[in-house]
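Architecture at a glance
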Amino acid sequence: MSEKIAPFHLAILIYMIQSGVTLYKLPRMLAVNFGTNGWIMVLIVSFIVIINILLISLVIRFRIGENVFEIMEGLISVKVMLPFYMLLAVTWSLLAILVSKDFILITQVLSLQNTNSSMLIVILMVLTFYLGMKDVYTISKATNIFFILTIWMTLLMIYHIPHTSFLRLTPFIFKEGKNAVEGIIQVYTGFLGFELVLFLFPYVDQSKPKWFHSVYYGHLITTIVYASTCFMSYLYFSLDQLKITSYPVLNLIAYVEIELIERIESFVFNLFLMKILVTLVLYIWASCLLLERAIPKLSRKQSLVILIVTGMLLSLKVNVMADVGNWLLIVGFVAAGLAVGLPIILLIVIGIRTYRGDHRA
Amino acid sequence: MRNLKRLVIVFSLVFLLVGCNDQKIIETLGLMSVMCFDKATDSVEGNMLVTSTFPSITEESNRKETTIDTIAFSKKDAERKLAAKTEQEIVNGQIRSLIFSEDFAADGINQIIHSVERDQEIGSQVKVVISEGEASAILEAIPTESTGNYVDKMLRKESDQFNIPYLDIHYFSRDMHDDGIEPVAPLVGIEDGEVVVKGAALFRDDRYVGKLTIQESKLLLLMRGKVKKSDLVIKIPQETGYRTLYFTYNHSKAETKVKKKGTEIEQVDIHVSMVGSLLEDTGTKMNGNSSTDNNEVQKLIDGYLSNEAVRLIEILKEKKADSLGIKGYVRNSLTYQEWKKIKEEDLFQKIPINVTFSVILQNKGMLE
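Everything numeric in this text was worked out from a predicted model, so none of it was measured.

This next bit is on the overall build of chain A. A count of helices and strands for chain A gives 15 helices and zero strands. For a compact globule of 361 residues, the expected C-alpha radius of gyration is about 21 Å, and chain A comes in at 21 Å, within 12% of that figure. Over its C-alpha atoms, taken along the principal directions, chain A stretches across nearly 60 × 45 × 35 Å. Across the 361 residues of chain A, 57% fall into the buried class. The contacts in chain A between residues at least 6 apart in sequence include a share of 87% that link residues at least 24 apart. If you sum the accessible surface of chain A, you get close to 15,000 Å²; carbon and sulfur atoms cover 70% of it. For chain A, the distance from the average site of its 25 positive side-chain charges to the average site of its 18 negative ones is 7 Å.

With that settled, consider the interface of chain A and chain B. Accessible area lost upon the coming together of the parts serves often as the stated size of an interface. With 37 residues of chain A at the interface, the matching set in chain B holds 39 residues. The three residues of chain A that bury the most area against chain B are A:Leu167, A:Phe172 and A:Tyr255, which together make up 17% of that side's buried surface. For the pair chain A and chain B, the number of links is zero salt bridges. Applying the counting criterion to the chain A and chain B interface returns twelve residue pairs in polar contact (both at pLDDT 80 or more). Mapped by element, the contributors of at least two residues to the side of chain A that touches chain B are α5 (78–110), α6 (117–132), α11 (239–244) and α12 (248–255) of chain A. Residue contributions to the side of chain A that touches chain B peak at seven residues, all from α6(A).

Turning to α12(A), a few remarks are in order. Across the eight residues of α12(A), seven count as buried, placing the element largely inside the fold. Inspection of α12(A) places A:Pro248, A:Val249, A:Leu250, A:Leu252, A:Ile253, A:Ala254 and A:Tyr255 among the buried residues, and these make up the whole buried set. Residues of α12(A) that are buried make contact with α2 (22–34), α5, α10 (213–236), α11 and α13 (265–294) of chain A together with α7 (169–177) of chain B.

Residue and element names in this part refer to chain B. On the basis of which strands lie adjacent, the open sheet formed by four strands has the order β11-β12-β13-β14 and mixed pairing. With partners counted over all chains shown, the strands left at the sheet margins are β11 (230–237) and β14 (353–363), one partner each. Within this sheet the neighbouring strands show an average axis-to-axis angle of 40°, counted without direction.

Right, let's get into the pattern of salt bridges. All names here are of chain B. Counted according to the given criterion, the structure contains 28 salt bridges over all chains. In this structure, Glu 79 and Lys 75 form a salt bridge, with 3.2 Å as the shortest nitrogen-oxygen distance. Of this pair, Glu 79 and Lys 75 are both found in helix α2 (residues 75–84), four residues apart, which corresponds to roughly one turn of the helix. What makes Glu 79 buried here is its relative accessible area of 9%.

Cut-offs and rules
- Residues numbered from 1 in each chain as written.
- Chains lettered and ligands numbered in written order.
- Predicted model: local features only at pLDDT ≥ 70, side-chain atom pairs only at ≥ 80, totals over all residues.
- Heavy atoms only, no water.
- Helix = DSSP H or I, 4+ residues; strand = E, 2+ residues; numbered from the N terminus.
- Rg over C-alpha atoms; globule rule 2.2 N^0.38 Å.
- Buried < 20%, exposed > 50% of the residue type's maximum accessible area, 1.4 Å probe, protein only.
- Contact = heavy atoms within 4.5 Å.
- Areas by Shrake-Rupley, 256 points an atom, 1.4 Å probe, with all protein chains shown as cover.
- Lys, Arg positive; Asp, Glu negative; His and termini not counted.
- Charge placed at Lys NZ, Arg CZ, Asp CG, Glu CD.
- Buried area = accessible area lost by both parts, 1.4 Å probe.
- Salt bridge = Lys/Arg side-chain N within 4 Å of Asp/Glu carboxyl O.
- Polar contact = N/O pair within 3.5 Å; in protein donor to acceptor, adjacent residues only side chain to side chain.
- Pairing = 2+ DSSP bridges.
- Axes fitted to C-alpha atoms, helices over the stretch in contact; angles between N-to-C directions.

In structure tokens, the structure reads:
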């Protein structure tokens, strides 16, 4: 338990939490909401996220206490914080469950149409449970393996280069878009996951003074993967075609035909399970921390079961693609609000406590 | 460590077992390799005659192609009706090409293209082909057992040699939805009972509007962009008969520039530069004193191509098919407001297009 996450592994962990099934829809979201040259928006939103991460880094630098809970409880008593912790735990576990539902539903577009989707979700939850039982150091080790198994997929894009044309990019910027605000929220939710570093930092090896930089590096990997994929989609699809294609990235992968295997998209998409699993486990893990802080009697096993079951019950009725999309938009919006709000609240608390003269840890 | 092992076992077992839930047994499947669409008139059953072939596996397991047809209202409707006519379960995951007859394509094939794109079973490298005459006749004329593969290979060979444009479902849909270019499809036909590649089929949006011969479609490809390797047989009329030149080119580039006067578009220049070698010339009587004159040949080829290009552009303008993507170049030279203003007008017909060639003879084979 004394082992700590190395900064390098933290970067990979952050990337793996951030990137998920959103990538498959991202080019279409951009085309519908921003129109021409929407891929630039990825870079802009990524920059906003960097500011968000900067806020988190300030919290960690000026922290008073060992972890987020100690910061908060120095000012506000645990009893007041209790409902807040619970609410946060439920929100995050609901987000995790929704993400996995989204993934399962897309899987079922490709294959396993005759299987009941809730059965697949239960299987995914079994995996989450097993991985969630481990301590965070082991989770991060597993994440590294998952990273190696999935990162090569980005290189598949090389195959599409002969089929691209800069003509299709057009010189117009953000024309023919529909709803820029909704679009920004959607892209922002695509980057979510970095906020978990607020809960991760006590487990990170902080012997190097610049360890926090790895959070930026993780975010940078996400940005590169997102931006290059979206850029490629804009070169490969025409704008109106992109708007009507549900999962442009699936189409991109489906276009790759090698001599040996022809339809590699069903194989590649299943590999995405690992990315989803990391996102899922880390969100549930953070929720567990919150729940256990609120009710210290609970063991890890119990809190995992409680959160997974609560999340599944809350989203019991959400089984259709469109519903999942709407719920994800709302819960994603809340989660995005939390990502911005949490560090700000924490900074205010730190400010008040410093003013009162509390000692720094 | 033991827990990790258990995790891996649970992971693999559970996932492998769920895979058994959706079964497909290959012996019971009718793998369609091609679908042909013809127009069906005066029928209450539907507006399209769909013909398809698939290998039927008999008891002796010798593969034979079965061809069946049906009249239907849509592609999926057709698949259902075809399946009703056979003991096999019809699946479309192995479709290699879609063949449309000229009549059918003239009414627009948007509906079929979208149906294919929506279908998750069908990949996006399915070829779209237009046939002169009936599409189902193509099936009968193909000698081999695997019809879909034959068409697929034939088209791939021709497009690799830059005789006809490459086109699959993705390309078609992409150009159909793009406001700067129109799709061009390969055209096949039947000559003396054999399937022959005839040239290119021009589209306006999703409607078939006209055709080009192989020679014209080669020129179209030259003007559209980079050509890696192709050849031209050039016939120049002389006092008696023709002088024939055979020119193979390895590199050819096309540069399209939009000339503007203020905000008005003056003309579009296409400059094609090609480097290649002369491998046949029936015009010169060679002897020790005279050899083929490089400049003369270059001029001849240049002049021939320029004339042909003018003719080609006239055809395109007459059919209102912007297969060269001229509108795309115009679009990219304008601001968004300007583009929106002129987009709906019959822009392509109005713009004067000027094509120039620069032909460079790299060598003349083994003779001077």
